[in-house]
Amino acid sequence: QVQLVESGGGLVQAGGSLRLSCAASGRTFSSYTMGWFRQVPGKEREFVAAISWGSGRTDYTGSVKGRFTISRDNAKNTVYLQMVSLEPEDTAVYYCAADLRGILGDYRGMDYWGKGTLVTVSS
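Residues numbered from 1 in each chain as written. Predicted model: local features only at pLDDT ≥ 70, side-chain atom pairs only at ≥ 80, totals over all residues. Heavy atoms only, no water.

Participant: Let's hear about the packing of aromatic side chains: which residues, and what values?
Facilitator: This structure, assessed with the given rule, holds six aromatic pairs. By the ring-pair criterion, three or more aromatic residues cluster together here, those being Phe37, Phe47, Tyr107 and Trp113. Just above the ring of Tyr95 sits the side chain of Arg45; from NZ or CZ to the centre is 4.8 Å. Arg45 extends its terminal NZ or CZ atom over the ring of Trp113, reaching a point 3.8 Å from the ring centre. (Phe/Tyr/Trp six-rings, centres within 6.5 Å; stacked < 30°, edge-to-face > 60°. Lys NZ or Arg CZ within 6 Å of the ring centre and 35° of its normal.)

Participant: So what's going on with the sheet that holds strand 8 (residues 78–83)? Residues and values would help.
Facilitator: The strand order across the open sheet built from four strands is 1-3-8-7, with neighbouring strands paired in antiparallel fashion. Single-partner strands in this sheet number two, and they are strand 1 (3–7) and strand 7 (68–73). Adjacent strand axes in the sheet meet at a mean angle of 15°, parallel and antiparallel pairs treated alike. Note: strand 7 against strand 8, six bridges, orientation antiparallel. Within strand 8, the position partnered with Ile70 by the bridge is Leu81. (Pairing = 2+ DSSP bridges. Helix = DSSP H or I, 4+ residues; strand = E, 2+ residues; numbered from the N terminus. Axes fitted to C-alpha atoms, helices over the stretch in contact; angles between N-to-C directions.)

Participant: Which residues make up the pairing of strand 5 (residues 46–52), and what are the values?
Facilitator: In summary, the side chains of a regular strand alternate between the two faces of the sheet. Judged by how many residues are buried, strand 5 sits mostly within the fold: six of seven residues are covered. Counting the residues between successive antiparallel strands, the hairpin from strand 4 (residues 33–39) to strand 5 contains six residues, one of them, Gly42, with a positive phi of roughly 90°. Where strand 5 lies against strand 6 (residues 58–60), three bridges are found, and the strand directions are antiparallel. Residue pairing for strand 6: Ile51 is matched across the bridge by Thr58. The loop that links strand 5 with its antiparallel partner strand 6 comprises five residues; one of these, Gly56, has a positive phi angle of about 85°. (Buried < 20%, exposed > 50% of the residue type's maximum accessible area, 1.4 Å probe, protein only.)

Shown next as structure tokens:
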């Protein structure tokens, strides 16, 4: 059974940094795409960043380019989202997700989701 467990959320001031972690278990993830998404209450969940576990290629939504970095640690089966220069608009619940198709660019069919971790950025 696949499990994705996020951690690392918290309260930070604007301009600060956080690193989110997503510990994955239950399968071999070498052919997966792993993604980070976020959701604000009352709004749709939105794509933030993704990484192809095998190739290491990455993809980002425009608003986080240059501020967020997605990476993975194969030995630990963990995906990270390093966030710097955080803005109040980044406040959301952040979710980790996995896609068996292993592609970048289409995130409508993620197969597994974590329960999320809350990031709050104060102004």
